[in-house]
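Residue strings, one per chain:
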Amino acid sequence: MLRKELGKGTLSRIYLITSNRHKVEEANIALKPFGIEVKQLHIKRLEIQSDDLVEIAIFSLREVINLVNERPLVVEDAGLFIPALKGFPGPYSSFVYKTIGCQGILKLMEGVEDRRAYFKSVVVYYDDDVGMKVFEGTVWGKIATEVRGTQGFGFDPIFIPEGSTRTFAEMGPEEKTKYSHRGRAFRALGYWIRNILEQQSK
Ligand code: ITT
């Protein structure tokens, strides 16, 4: 599918299975320079419990491949990892955000000197010809001492990426995507697609 579409130079759209509109907006910002538009597919995904984001993303994508006709399909799983908390909340970020939230993380980090943290994003692409392909992106930064900013989602108000003094929630989506784990993972997907296109036009 990908090869055929790219061969015709017509791959301009991918389908991201997610309930999170911010992910769609950020993926669109990252892939726009590659001429690729990201459409949201609202399908309930089953997320297994695992320490490994790649395993979670691959499992949930495999579960839905035969339920939808749209191609290519993409899922993304992300998490916030804090070394001082032994990697918590990591793959459990969604549950932890819904339960203790940003304030809960700030509480756990009270008096902790090592405030380093990173976000990781795993993007899994699927196409009937190519199969699955995994792309990853990481951004290091630190946990703020208070909640700051109103933009974005999840732990954005407490994460300050390296090279900035502001949290992701104090940036617009364009600026966040320049630094972010998601921006990096989706740009890696964009370069891979562009590379296939170039090889086919030779
Ligand atoms: P889908 O699974 O439907 O795509 P989700 O929001 O549940 O959407 P994840 O499971 O990938 O997405 O994300 C887990 C949590 O990690 C998410 O709920 C946020 O709390 C946090 N998170 C991930 N990426 C983030 C980001 O860019 N900024 C802030 N928090 C983020």
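For the structure, see preceding data.
First things first, this report covers the structure right here in the doc.

What counts and how
- Residues numbered from 1 in each chain as written.
- Predicted model: local features only at pLDDT ≥ 70, side-chain atom pairs only at ≥ 80, totals over all residues.
- Heavy atoms only, no water.
- Helix = DSSP H or I, 4+ residues; strand = E, 2+ residues; numbered from the N terminus.
- Expected span 1.5 Å × (residues − 1).
- Buried < 20%, exposed > 50% of the residue type's maximum accessible area, 1.4 Å probe, protein only.
- Salt bridge = Lys/Arg side-chain N within 4 Å of Asp/Glu carboxyl O.
- Phe/Tyr/Trp six-rings, centres within 6.5 Å; stacked < 30°, edge-to-face > 60°.

Here we come to helix α7 (residues 181–201). Under the 1.5 Å per step criterion, the end-to-end length of α7 is 31 Å for 21 residues, consistent within 8% with the ideal 30 Å. The complete set of buried residues in α7 reads H181, R182, G183, A185, F186, L189, G190, W192, I193 and I196.

What follows concerns the pattern of salt bridges. Scanning the model with the defined rule gives 15 salt bridges in all. With a closest N to O distance of 3.2 Å, D77 and R45 form a salt bridge. Here D77, found in strand β3 (residues 73–81), pairs with R45, found in the loop between β2 (37–41) and α3 (53–64); they are 32 residues apart in sequence, far enough to count as distant. Residues D77 and R45 agree in their burial class; the two are buried. Through salt bridges that share partners, K23, E26, E76, D156, K176 and R182 make up one connected network.

Our focus in this paragraph is the packing of aromatic side chains. Evaluation of the coordinates by the stated rule reveals nine aromatic pairs. Ring geometry for F119 versus F168: centroids 6.1 Å apart, planes at 20°, classification stacked. Taken together, the residues span a long stretch of sequence, with F119 in strand β4 (residues 116–127) and F168 in the loop between β6 (159–161) and α6 (173–179) at a distance of 49 residues. In terms of burial, F119 and F168 fall into one category: buried. With a centroid separation of 5.2 Å and 40° between ring planes, the pair formed by F159 and F168 is classed as tilted. Residue F159 is classed as buried on the basis of its relative accessible area, which comes to 0%.

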